[in-house]
Amino acid sequence: MGSRRDFLKTAGFAVGGAVAGTPSTTTLPATETLAGYASHTSDGRSVTVTSTSGQRTRITAYGGHIVRVRHVRAGETFFADDRYEMVDPAAHAGLGGSLAVQESPDALTITTAPAAGLKVVLRKSPLRIAFYRRGDGALLAGEDATHSMSWGGENNSVVRQTFAAPQKAERFVKAGHGFFGRAPRVERTGEIVAHNYGLAGNRGEQSPAIVQMYLSSRGYAIFVNTTFDTTFNFGNGGVYEFWADEHNTPGVRPQMDYFVIKGPQFAKLLDRYTQLTGRPRLPRLGIFGLQMSDKNFPTVSDQNWWVTKITEMRGQGFPLDLQVHDNRWRAGGGGWNGSWFEFDAQRWPDPAGFKRWADEQGILTSLDYNRNNSHLMAGWKPGPPPGYSFQPADITGVSENDSVPDWSNPATREWIWNVFWTKALNPALRFPGDALWLDEPDEMGPIPYAALTANGQRWSELRNAYFLYLAKAAGQEGWDQHIGPGRRPFIFSRGATAGQQRYGHLWTGDTQSTYGEMQQQIRGMLNAGLGGFPYGNVDGGGHNGNPIPPDMYRNWVAAWGALSPIWRPHGYGDTLVLGRRASRWPTDQPAAESDDFLRYSRLRYTLLPYVYTIAHAAHATGMPMARAMIIDHQYQPMAYSHDQQYLWGPSILVMPVTTGVDGATQRVWLPGGETWYDFWTDAKTVGSDTTEKAQVTRPGEIIMYVKAGALLPRYRYAQSTAFLDKTHLELDVYTGKDGTFSLYEDDGVTEEHRTAAARGVTDLSYADATLTATIYQPVGNYRDAPAERRYVVRFHGLSTPVGMRVDDFPPLPAYTSETAAVVAGSGQAWDPDRKILSVVTPRIGVRAGGSSVAATIRPTGQPFPAVTGPVVYPAENAALTGVAIGTQHRDYTGNGYADYTNATGDHVEWTVTVAAAGAHTLTFQYANGGSADRPLVVSVNGTTAAAALAFPPTGGWTLWRTATLTTNLPAGTVRIRATSTGASGGNIDCLSLERSTGA
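Help me understand the overall build of the chain in this model?
A count of helical and extended segments in the chain gives 16 helices and 62 strands. The C-alpha radius of gyration computed for the chain amounts to 31 Å, which stays within 12% of the reference 30 Å derived for 999 residues, consistent with globular compactness. Summarising its shape, the C-alpha atoms of the chain cover approximately 105 × 65 × 50 Å along the three principal directions. Out of the 999 residues in the chain, the part that is buried amounts to 62%. Carbon and sulfur atoms make up 51% of the accessible area of the chain, which totals about 32200 Å². Once the 89 positive and 92 negative side-chain charges of the chain are each reduced to a mean point, those two points are 3 Å apart.

Here is the structure:
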């Protein structure tokens, strides 16, 4: 933001990251406005009007709810549609549309085809334009006698659109965000806002999201189709206008070119905007898992370090999906400067071998490219074409000016992809490489506006498209052409231009580690989503603070990170200098921080069916994953002032804790017309559109509420998305209101999801009056979709349990816990503390391609049955010594299983409660995919109960069987230990404890 300092200073405005709150008392003089009507022509889609002075105005339909407006001076021709690539090239013809024209003596009335479309009135004397909803005739925005489009500035270098003053109570939201992803507010009514490429060098103005669009509470949006610097005034000083500035350089002048998009709902505006500029590119499923980097280990991270670190995470039960390489993997020393995009032969002696191991571990890899090292990379050519850079005189002020690629040059784009391909991404190499991190393309601010670029434009016109061209090189021209649809890319850069979402995404740069920064990043996330970037991400915990306070690690790195689109903890600082706590890795943190991290890991990974569904909705419709409150509540004033909270999909409300003070109060708004469940306690609150709820917070918490009627699909926890067990689907039902949800699933890797038949959509519904949940068979199919499923349905908010059945089968037996019901194969269980009734179905066949009912869970009309069966104790919750937690092999219960090593003495120890002394049956659920018994010593309070309980082979690591032992147990607290005796034990899932019959 604030990149037009030269103009803003002369105009009397304050200069900074955003310009706001200063009366607009000075404006550039208009040297030319539209004259009167002379004539018009129409071809059915476009209407072109010529003024008496030779100016031309062209209005074009883009579908039924978007019109494009362009103005040129006499003697000028309209820019070609492909001059700016922010609009998807396919949309110019592909959106189609038609216009009907009615002429009267005073005006042309132009309408799009739908009855609920747009009406444009172009008054003739002089030419003045206004936009209306066609259905009810409501005015959206328009000119009048004193407010119009004009050409002005020095040598007509500024083109300006001024509308009549905003209508009463109209509110404005600017899409995109300023430098470092910062946004002081979501609502910008009464402010002057500019989001443009920076003027400074390499540190001060990173990562803007340049989206020249705004949304109005009246249900329309305007997208300005130019890459010249733009500024927006949303009513400051009573002025409502936007303008583009060419900074008086040689060459072409900006043209007024903008799209008016009709909603009226914000969701429709985002849908239509991303139809126009391109749908956000859906990353593969693994990108929505945890991403961890080696940034805090700049002198020690190498191939062996990564293997050790990933093994450590796995052993302690933490998830990981993407290893994020900073600089150290690169040849030439592995430093920020002086290294280049290529695996270092010493630190990475066997990338192909590592990839084989990583594939087994469910690990993806992101590789970084730093702009400043371009000159060291294979094939680099300095200078302007045929070189890959700019004129030397134009880049003297740029840091590392021997590496300043001009991405408008197709040859430069071809060169960078060739490096990516030949050094890492060519599948023939079998190297790791699933994502690209494009760093520091936002540092060319000192290039003079007048610099000539390879595509013939001046830097004043190109610079706001600089990010887009780089993403195009890596995405459309690179990955798509060479790797193809078999593997989706994830490409993220420091900065973004509108339309870039077709190719890649962004992150917000080297942010600060403060709570004030965290608040700005929350708003930046919301504003990025409003601009077509639903998968934007931040350095979790901030980049520039180390070590961060324990409360910030818990609040930001763990809690908010797990409930943001991309979870990527990352920060600057060497642990060898600052200590282990400077690391963002949970395995390097004290117990409170690591415990919270594991808690939120389990939350995110179990919610991945919900998370991935809203991620796909973002791709399909432009709806952000993290929705600013205004999207669902655009007519509620409270929505505009509550921009520290958001809707995580349609059902969950999230408010991160942005203070380290224990017992601090944050005020959350729970919208009216809904009953809201506290996610953590199930306590209910009736929403209100006039009052807030005071929430007392503690470090490590995050405020979460769920709507009554919500249906939250979940998987069982796994340590990688590659291990997720889709044969086991859970559904949390929040009673009190009817509800529906459509679960989206696909293969998680390929582009086959673009075809409806190659994805699965499972409809879920709940009828509150009859307490009935219905799960339908999926529509569509995808590779590796499950052939059968067990369903676990949890009913929240009941006062007492009721007996339940599946379909018309007999009533289900009741067990001591949900896990006990799963172990038994089906059943039900009541949690008296949280008032949750769990129903576990038997395995049910999945008949993909239809929409018939898979299972109906409903009351029997009989009381809840007497509880029977054992008490089950998960192995992963026991005390583990020399035993890792595993999730790689499916069909375990709970959050994993105990995976023995080959060390004698490794053991799992459960602490159980025995109600009465006597003979008890101990049942161990286990898997042994080997060919021989894997015996364990079982002891009770240190006394051997079985010297070698056999644990014979089960036929595979996903085939779980039981081994039983009957022994006397004392009353009270008892320790039961299972110890390896030399050879490795099997994988132990859980221990079931039940008093023996007749004891």
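I would appreciate a short explanation of the packing of aromatic side chains in the present structure.
For any two aromatic rings, the description comes down to two numbers: the centre-to-centre distance and the angle of the planes. Per the stated rule, a full pass over the model turns up 65 aromatic pairs. Both rings, one in Phe131 and one in Tyr258, keep their centres 6.3 Å apart while their planes meet at 75 degrees; by these two values the pair is edge-to-face. Taken together, the residues span a long stretch of sequence, with Phe131 in strand 10 (residues 128–133) and Tyr258 in strand 21 (residues 256–262) at a distance of 127 residues. The two residues Phe131 and Tyr258 agree in class, both being buried. Ring centres of Phe297 and Trp305 lie 4.8 Å apart, and the angle between their planes is 45 degrees; this geometry places the pair in the tilted category. Accessibility expressed as a relative area gives 8% for Phe297, which makes it buried.

Quick question: what am I supposed to make of the packing of helix 12 (residues 591–606) against helix 13 (residues 608–621) here?
Each pair of packed helices can be described by the angle between their axes along with the distance between the axes. The contact between helix 12 and helix 13 brings their axes to 5 Å, and the two run at 60 degrees. Our classification of the angle between helix 12 and helix 13 gives oblique. Where helix 12 approaches helix 13, its residues Arg604, Tyr605 and Thr606 are matched on the opposing element by Leu608, Pro609 and Val611. Split by residue class, the contact of helix 12 with helix 13 holds four nonpolar, one polar and one charged.

Looking at this model, I keep getting lost on the environment of Glu154. Mind explaining?
In this structure, Glu154 sits in the loop between strand 12 (149–152) and strand 13 (158–163). C-alpha of Glu154 to C-alpha of Thr856: the two residues are 702 residues apart in sequence and 71 Å apart in space. Of the polar contacts made by the side chain of Glu154, one reaches the side chain of Asn248; its length is 3.4 Å.

Is there a simple way to explain the sheet that holds strand 4 (residues 46–51) in this structure?
Two orientations exist for strands paired in a sheet by backbone hydrogen bonds: parallel and antiparallel. Taken in spatial order, the eight strands line up as 3-4-5-6-21-18-17-14 in an open sheet, and their pairing is antiparallel. Only two strands of the sheet have a single partner each, and these edge strands are strand 3 (37–42) and strand 14 (172–174). For this sheet, the mean inter-axis angle between neighbouring strands, taken without regard to orientation, is 20 degrees. Where strand 17 (residues 213–216) and strand 18 (residues 220–224) come together, four bridges link them in antiparallel fashion. Paired with Tyr214 across the bridge in strand 18 is Ile222. Running at roughly 135 degrees to strand 21, helix 3 (residues 266–277) makes contact with strand 6 (66–72), strand 17, strand 18 and strand 21 of the sheet.

How should helix 12 be read in this particular structure?
For an α-helix the count is 3.6 residues per turn, leaving residues at separations of three or four pointing the same way. Over its 16 residues, helix 12 extends 22 Å from the first C-alpha to the last, a length consistent with the 22 Å expected when each residue adds 1.5 Å. Most of helix 12 is tucked away: 12 of the 16 residues are buried. Burial in helix 12 covers these residues: Glu593, Ser594, Asp596, Phe597, Leu598, Tyr600, Ser601, Arg602, Leu603, Arg604, Tyr605 and Thr606.

Explain the side chain of Lys707 here, please?
The topology assignment puts Lys707 in strand 38 (residues 702–707). Buried within the structure, Lys707 lacks any salt-bridge partner; its nearest side chain of opposite charge belongs to Glu674, at an N-O separation of 4.3 Å.

Explain the packing of helix 6 (residues 410–425) against helix 8 (residues 466–482) to me, please; I cannot follow it from the model alone.
Direction vectors running N to C along helix 6 and helix 8 enclose 50 degrees, while the axes themselves pass 9 Å from each other. In terms of axis orientation, helix 6 runs oblique to helix 8. In the packing of helix 6 onto helix 8, the handedness of the crossing is right-handed. Of the residues in helix 8, those touching helix 6 at Arg413, Ile416, Trp417, Phe420, Trp421 and Leu425 are Tyr469, Lys472, Ala473, Ala474, Glu477, Gly478, Trp479 and His482. Split into classes, the residues belonging to the contact of helix 6 with helix 8 amount to nine nonpolar, two polar and three charged.

What exactly am I supposed to notice about the sheet that holds strand 53 (residues 879–881) here?
Here five strands make up an open sheet; going across it, the order is 53-56-61-58-59 and the pairing antiparallel. Because the sheet does not close on itself, it has two edges, and the strands there are strand 53 and strand 59 (943–949). When the angles between neighbouring strand axes are averaged without regard to direction, this sheet yields 20 degrees. Two strands pair when backbone bridges link them, and strand 58 (residues 936–940) and strand 61 (residues 972–980) are joined in this way by five bridges, in the antiparallel orientation. Looking at strand 61, one finds that Val937 is bridged to Thr979.

Whenever I open this one, the pairing of strand 55 (residues 897–900) confuses me. Can you help?
Within a regular strand, the side chains alternate between the two sheet faces. Where strand 54 (residues 883–886) and strand 55 come together, four bridges link them in antiparallel fashion. When the sheet's bridge partners are listed, Gly886 is paired in strand 55 with Tyr897. Taken together, the two bridges between strand 55 and strand 62 (residues 987–995) define a ladder with antiparallel strand orientation. When the bridges of strand 62 are listed, Asp899 appears paired with Asn987.

Sorry if this is basic, but what is going on with the pattern of salt bridges here?
Opposite charge on two side chains allows them to pair when their charged atoms are near. One pass over the full model with this rule turns up 61 salt bridges. The closest approach of N and O atoms between Arg627 and Asp632, which form a salt bridge, is 2.9 Å. The exposure class of Asp632 is partly exposed, given its relative accessible area of 32%.

I'm lost on helix 3 in this one. Help?
Helix length check: helix 3 (12 residues) gives 16 Å between terminal C-alpha atoms against 16 Å at 1.5 Å per residue, within 8%. All buried positions along helix 3 are accounted for by Phe266, Leu269, Leu270, Asp271, Arg272, Tyr273, Thr274, Leu276 and Thr277.

When you look at the nonpolar core in this model, what are you seeing that I'm missing?
Buried together is how nonpolar side chains tend to be arranged in soluble globular proteins. Counting 238 residues, the largest nonpolar core has Tyr258, Trp648 and Phe795 as its most contacted members. Looking at which element gives the most residues to this core, the answer is helix 8, with nine residues. Every residue in contact with Tyr258, bar those within four places of it in the chain, is listed here: Val67, Arg68, Val69, Ile129, Phe131, Gln161, Phe163, Ile222, Phe223, Val224, Asn225 and Phe242.

What is the right way to look at a nonpolar patch on the surface in this model?
A surface patch of nonpolar side chains, amounting to about 370 Å² of accessible area, comprises Val300, Leu576, Val577 and Leu578. Its location among the elements puts Val577 in helix 11 (residues 575–578).

Would you explain the side chain of His619 in this entry?
Considering the arrangement of structural elements, one finds His619 in helix 13. A relative accessible area of 10% means that His619 is categorised as buried. Setting aside chain neighbours within four positions, we find His619 in contact with Arg279, Pro280, Leu282, Tyr535, His753 and Arg754.

How should unusual backbone geometry be read in this particular structure?
Keep in mind that most residues, glycine aside, have a negative phi and that most peptide bonds are trans. The residue after Pro385, namely Pro386, is reached through a cis peptide bond having omega 10 degrees. Along the polypeptide, Pro386 turns up in the loop between strand 26 (364–370) and helix 6. Here the residue pair Asn546 and Pro547 is connected by a cis peptide bond, since its omega of -10 degrees sits within 30 degrees of zero. Checked against the element boundaries, Pro547 lands in the loop between helix 9 (515–530) and helix 10 (550–562). Phi angles above zero are rare outside glycine, and Phe180 is one such case at about 60 degrees. Structurally, the position occupied by Phe180 is in the loop between strand 14 and strand 15 (191–193).

Looking at this model, I keep getting lost on the pairing of strand 13. Mind explaining?
Burial analysis of strand 13 places six of its six residues in the buried class, the great majority of the element. Of the two faces of strand 13, both are covered, the one formed by Val158, Arg160 and Thr162 as well as the one formed by Val159, Gln161 and Phe163. Taken together, the four bridges between strand 12 and strand 13 define a ladder with antiparallel strand orientation. Following the sheet pairing, Met149 is matched in strand 13 by Gln161.

Criteria and cut-off values
Residues numbered from 1 in each chain as written. Predicted model: local features only at pLDDT ≥ 70, side-chain atom pairs only at ≥ 80, totals over all residues. Heavy atoms only, no water. Helix = DSSP H or I, 4+ residues; strand = E, 2+ residues; numbered from the N terminus. Rg over C-alpha atoms; globule rule 2.2 N^0.38 Å. Buried < 20%, exposed > 50% of the residue type's maximum accessible area, 1.4 Å probe, protein only. Areas by Shrake-Rupley, 256 points an atom, 1.4 Å probe, with all protein chains shown as cover. Lys, Arg positive; Asp, Glu negative; His and termini not counted. Charge placed at Lys NZ, Arg CZ, Asp CG, Glu CD. Phe/Tyr/Trp six-rings, centres within 6.5 Å; stacked < 30°, edge-to-face > 60°. Axes fitted to C-alpha atoms, helices over the stretch in contact; angles between N-to-C directions. Parallel < 35°, antiparallel > 145°, perpendicular 65-115°, else oblique. Contact = heavy atoms within 4.5 Å. Nonpolar A, V, L, I, M, F, W, Y, C, P; charged D, E, K, R; others polar. Polar contact = N/O pair within 3.5 Å; in protein donor to acceptor, adjacent residues only side chain to side chain. Pairing = 2+ DSSP bridges. Expected span 1.5 Å × (residues − 1). Salt bridge = Lys/Arg side-chain N within 4 Å of Asp/Glu carboxyl O. Left-handed = near helix turned anticlockwise from the far one by under 90°. Core = buried A, V, L, I, M, F, W, Y, C linked by side-chain atoms within 4.5 Å. Patch = residues over 30% accessible without salt bridge, like charges linked within 9 Å, V, L, I, M, F, W, Y side chains within 5 Å.

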